[in-house]
Amino acid sequence: MTSIAAQPAYSEGAARLLQRAPALFVNGEWVASSHDKTLAVVDPSTGKEIARIADASDADVDRAVAAARAAFDDGRWTGLPPYARARLIERLADLLEAHNDELAELESIDNGKPMALSGGYDLPRCVATLRYMAGWATKLAGQTIEPAMHPTGTFHSYVRREPVGVCAQIVPWNYPLMMAVQKIAVALAAGCTIVLKPAEQTSLTALRLGDLVAQSGIPAGVLNIVTGLGETAGDRLVRHPQVDKIAFTGSTEVGKIINRAATDTLKRVTLELGGKSPVIVLPDVDIASTAAGAARSIFANAGQVCIAGSRLYAHRDVFDRLLEAVADNARDWKVGPSLAPDTRMGPLVSQEQHERVLSYIDAGRKAGASVLTGGEALGGDGYFVSPTVLVDVKPDMTVVKEEIFGPVLVAQRFDDLDEVARAANDTPYGLAASVWTRDISAMHRLTAKIKAGMVWGNCPSGADIALPFGGYKQSGFGRENGSQGIEAYLETKTVSILL
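If you're wondering where the values come from, they're calculated on a predicted model, not measured in any experiment.

Conventions and cut-offs
- Residues numbered from 1 in each chain as written.
- Predicted model: local features only at pLDDT ≥ 70, side-chain atom pairs only at ≥ 80, totals over all residues.
- Heavy atoms only, no water.
- UniProt positions renumbered as here; feature names shortened; annotations may be inferred.
- Helix = DSSP H or I, 4+ residues; strand = E, 2+ residues; numbered from the N terminus.
- Buried < 20%, exposed > 50% of the residue type's maximum accessible area, 1.4 Å probe, protein only.
- Contact = heavy atoms within 4.5 Å.
- Salt bridge = Lys/Arg side-chain N within 4 Å of Asp/Glu carboxyl O.
- Pairing = 2+ DSSP bridges.
- Domains from an automatic or database assignment.
- Buried area = accessible area lost by both parts, 1.4 Å probe.
- Polar contact = N/O pair within 3.5 Å; in protein donor to acceptor, adjacent residues only side chain to side chain.
- Core = buried A, V, L, I, M, F, W, Y, C linked by side-chain atoms within 4.5 Å.

1. What about the UniProt feature "active site" (unreviewed entry) in the protein chain?
So, point 1. Residues annotated by UniProt as "active site" (unreviewed entry) correspond here to E272.
So, point 2. With respect to the helices, strands and loops of the structure, E272 is situated in strand 11 (residues 268-272).
So, point 3. Accessibility expressed as a relative area gives 4% for E272, which makes it buried.
So, point 4. Residues within four places of E272 in sequence aside, it is in contact with F248, T249, G250, C306, L431, F469 and S475.

Right, dumping it as structure tokens:
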């Protein structure tokens, strides 16, 4: 068994933050929970507890919702000039940028992702998202419409766009701060107020965000942060009668529970859920660059990515050469602790996730799949799994059908476009896909056939804050980012006045 190096020592700043007493950010202040229940914070690179966070009670959630409700209803945020809201969102972006290294270290300690990813991608994208969405605050507009069934000029009719209200935002553990910022930035730009619940496994950067929100000048109560379990604090938020909208990113199973619960009060809901994204490779590709892209699509962030390219479909003519190149790439992905400078792939986020991924690999073997590379736990106290490529798989295997959410790629051959389109769509998910070819006609024909919310050509991901992000089928509904993202946080009001 390959051994893993020890996690480097934390910085003095990170160590100080880990010693903070558990607290919740409510109405612009850090407050103690109404009870003494806490949750462990574990460094997945070591498997050891490093801090405690509050496990919010129902009363805590109620207090946070009440603060958001008051902040919305009294106009301290919605009543500000849009330009003033934009400036405050920009100020928050400046603060995140100034604390890039500190936040990146906390994210890597908490989630296990390498510092190069948290500091080089997650944090810059957080800053860009805030700045992009700040611009939308001053660009929301209604419309004047001439009624069709009344004489011209007898009515003055127009449409207003208004913020939906209090938003409960529940974010996942794979990109903790980035997903939180992606949700709060658009809600703030729309004029909404927020109760944010980070994943219980990865709450450190969300809590540090509370400090920066307080420094930014954003009014008290506009953004509140409660930590706790999904089945308790999260459930209370989803069912709370004073919450107007739910935005959730996470598993399809939990998304279904949230959607059912939200129907009691007909809350507005957006769900960004699971995926089993196909990577389709036609025979005319450059093998080396395509293999590197396919490897990056599944091994980045240890495969804990909703849009990970976890199903590889390669044309029969290039299958063997491509798979050998992908396996070579997999062996080059340096696995190590999150703070080590040469780590390219860190541990999985938790012991539960570690056991889940290994159980899928074992199930694949038992069903007849062959391990081309990887397929094992790596030595050490953390939750490390080697980058894994499975071949000789069949469409009915669980490793092909179910979302593993780990660094496990399953590969199959195909012969023609219609066949691979059917195989790509043979899934309850429909989040993303990628197509690799120099044939632009084949590219467009395939993208039209694939049932997914996002299709990328000749790259593992083209996700961008200006482009809608979301999926078909059981990958959720609604869209984040771009103009469609802010539409999800607005209500439409028709006003018609007889003159």
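2. Some words on the pattern of salt bridges
Think of it this way: side chains of opposite charge can pair up when their charged atoms draw near.
So, point 1. Applying the stated rule across the entire model yields 28 salt bridges.
So, point 2. The salt bridge involving R131 is made with E97; its shortest N-O contact spans 3.0 Å. Taken as a pair, R131 in helix 5 (residues 115-136) and E97 in helix 3 (residues 82-98) lie far apart in primary sequence, 34 residues in all.
So, point 3. Relative accessible area serves as the criterion here: at 29%, R131 is assigned to the partly exposed category.
So, point 4. Ionic pairing is found between D235 and R239, a salt bridge with its closest N-O pair at 2.9 Å. With D235 and R239 both in helix 8 (residues 230-239) and four residues apart, the pair spans about one turn of that helix.
So, point 5. Taking the relative accessible area as the measure of exposure, R239 reaches 43% and is therefore partly exposed.

3. Re the pairing of strand 6 (residues 155-163)
So, point 1. Two elements, strand 5 (residues 143-144) and strand 6, share two bridges in a ladder whose sense is antiparallel. Following the sheet pairing, Q143 is matched in strand 6 by V159.
So, point 2. Bridge analysis of strand 6 against strand 22 (residues 490-498) gives nine bridges, and the strand direction is antiparallel. From the neighbouring strand, R161 faces strand 22, where its bridge partner is T492.

4. Regarding the UniProt feature "domain: Aldehyde dehydrogenase" (unreviewed entry) in the protein chain
So, point 1. Following the UniProt record, one finds the feature "domain: Aldehyde dehydrogenase" (unreviewed entry) at residues 30-495.
So, point 2. For residues 30-495, helix accounts for 41% and strand for 20%, while the C-alpha atoms at its two ends are 42 Å apart.

5. Overview of the sheet that holds strand 22
So, point 1. The strand order 5-6-22 describes an open sheet built from three strands, whose pairing is antiparallel. The open sheet has two edge strands with one neighbour each: strand 5 and strand 22.

6. Let's talk about the domain arrangement of the protein chain
So, point 1. We note that the domain assignment places domain 1 (13-273 + 475-496) and domain 2 (278-457) within the protein chain.
So, point 2. Taken over C-alpha atoms, the centre of domain 1 sits 31 Å from the centre of domain 2.
So, point 3. Between domain 1 and domain 2, the residue contacts involve 25 residues of the former and 25 residues of the latter.
So, point 4. Summed over both partners, the interface of domain 1 with domain 2 buries about 1900 Å², with 56% contributed by carbon and sulfur atoms.
So, point 5. Connecting domain 1 to domain 2 are one salt bridge.
So, point 6. With a shortest N-O distance of 3.3 Å, K48 and D381 are connected by a salt bridge.
So, point 7. Linking domain 1 with domain 2 are nine residue pairs in polar contact (both at pLDDT 80 or more), by the criterion used here.

7. Considering the nonpolar core
It is characteristic of soluble globular proteins that their nonpolar side chains tend to be buried jointly.
So, point 1. L92, L96, L196, I307 and V399 are the most contacted members of the largest nonpolar core, which has 116 residues in total.
So, point 2. In terms of residue count, the dominant contributor to this core is helix 6 (residues 176-190) (twelve residues).
So, point 3. Counting residues domain by domain, this core receives three or more from each of domain 1 (13-273 + 475-496) and domain 2 (278-457).
So, point 4. Each residue touching L96, except ones within four places of it in the same chain, is listed here: L103, L123, C126, V127, L130, V181, L209 and L212.
So, point 5. Counting residues in hydrophobic clusters, the runner-up holds 28 residues, among them V31, V61, V243 and L273.

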